[in-house]
Structure formats: structure tokens, C-alpha cells
Amino acid sequence: MSAFTPEEVDYLRSQRLGRLATVGAGGQPHVVPVAFRYNSERDTIDIGGHDFARRKKWRDVLANPRVAFVVDDIASVDPWRVRGIEIRGEAEALSSGGKEIMPFFDDEMFRIGARRVRSWGLDAST
């Protein structure tokens with residue numbers, strides 16, 4: 001059984017940019033925009049990029065895998081309607097697979113297994 005509803009999966013597939021929150025060594029939060037994809041085979045969020053294993057987010061996840069990930073946008077301005085999804089879970093730092101997200105990304109990547117999912121505004125009628 002998926003951690004995501006069909007509406008959440010459709011929304012995740014329609015987006016390419018989200019914000020990843022990690023916790024630094026001193027306990028301070030760190031939030032960065034990242035490219036991602038929904039991995040339907042594993043029901044996970046896969047995150048990759050350039051120089052991925054050299055970034056603060058990589059060091060943060062190695063020390064503390066608990067993360068939050070948010071994807072949101074403005075669906076319409078008149079009337080004002082925002083939509084999005086927040087995913088909390090643990091990120092697994094992997095040494096391969098990043099090129100499956102985008103061929104020009106590094107091999108290193110994160111794979112987030114969702115433990116808590118909250119979404120809003122995904123129903124076009126609301």
C-alpha cells in the first residue's frame with residue numbers, strides 16, 4: 001500500500017522542484033531547493049543534483065537522516081488557491097541512482113521513505 005493517495009502521486013509527478021529540510025550538526029535547520037522525482041517502484045521521493053555528495057545536505061543526512069520535504073505551488077490566483085504536500089521521513093544516502101532522476105546528475109542521491117504525509121489544495125474543486 002502506498003504512503004501517498006492517487007492525487008498526491010499525480011501532483012508529485014507534475015512537479016520537479018521541492019524544498020528539503022535537514023538538521024545540521026548544531027541542531028539548526030537547513031532548507032534548500034532540490035530536484036526530485038516520485039519513484040513509483042519504491043514509493044519514495046528520490047532527490048539528486050550536481051556535486052551532491054559535497055553539499056551540506058549530504059553531510060546533514062549522514063549525521064541525522066530525519067528530513068522534511070515540501071512541494072507546493074500556486075494553482076490559481078483568482079481565486080487564490082495554493083496546493084502542496086509535506087513529507088516527513090528518513091533519507092537514505094545512496095552512492096548510485098542519481099542519474100536515473102536526471103542523466104546529468106551525480107550518481108549520489110537521497111531516497112526518502114515517507115513516514116508522515118500531509119497535502120492541501122490538490123482537489124481542484126476546493
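Here, the structure is the one placed above.
Keep in mind that what you see is a predicted model, and the values were worked out from it rather than measured. (Residues numbered from 1 in each chain as written. Predicted model: local features only at pLDDT ≥ 70, side-chain atom pairs only at ≥ 80, totals over all residues. Heavy atoms only, no water.)

This part is about the sheet that holds strand E1 (residues 17–23). Reading around the barrel, the six strands line up as E1-E2-E3-E6-E5-E4 and close back on themselves, with antiparallel pairing between neighbours. Neighbour-to-neighbour, the strand axes of the sheet open up by a mean angle of 40°, direction not taken into account. Bridge count for strand E5 (residues 80–94) against strand E6 (residues 109–120) is 11 bridges, and the pairing is antiparallel. Opposite Glu92, over in E6, you have Arg111 as the bridge partner. Across the sheet, helix H1 (residues 6–14) touches strand E2 (29–39), strand E3 (44–48), strand E4 (66–77), E5 and E6, and the angle it forms with E5 is around 85°. (Pairing = 2+ DSSP bridges. Helix = DSSP H or I, 4+ residues; strand = E, 2+ residues; numbered from the N terminus. Axes fitted to C-alpha atoms, helices over the stretch in contact; angles between N-to-C directions. Contact = heavy atoms within 4.5 Å.)

On to a nonpolar patch on the surface, then. A surface patch of nonpolar side chains, amounting to about 520 Å² of accessible area, comprises Ile74, Val77, Trp80, Val82 and Trp120. Elements that contribute at least two residues to the nonpolar patch include exactly E4 and E5. Considering the arrangement of structural elements, one finds Ile74 in strand E4. A residue is classified by how much of its surface remains accessible, and Ile74, at 45% relative accessible area, is partly exposed. (Patch = residues over 30% accessible without salt bridge, like charges linked within 9 Å, V, L, I, M, F, W, Y side chains within 5 Å. Areas by Shrake-Rupley, 256 points an atom, 1.4 Å probe, with all protein chains shown as cover. Salt bridge = Lys/Arg side-chain N within 4 Å of Asp/Glu carboxyl O. Buried < 20%, exposed > 50% of the residue type's maximum accessible area, 1.4 Å probe, protein only.)

Turning our eyes to something else, we now look at the pairing of E3. Strand residues, when the strand is regular, have side chains that alternate between the two faces of the sheet. Counting buried positions along E3 yields five of five residues, so the element is predominantly enclosed. Side chains Thr44, Asp46 and Gly48 of E3 all project onto a buried face; the interleaved residues Ile45 and Ile47 project onto the opposite face, where all are buried too. Here E2 pairs with E3 via five bridges, running antiparallel. Within E3, the position partnered with Asn39 by the bridge is Thr44. In this structure, the hairpin formed by E2 and E3 is closed by a connection of four residues, where Asp43 is found at a positive phi of approximately 55°. Strand direction decides the pairing type here: E3 and E6, joined by four bridges, are antiparallel. Bridge assignment links Thr44 to a residue of E6, and that residue is Gly113.

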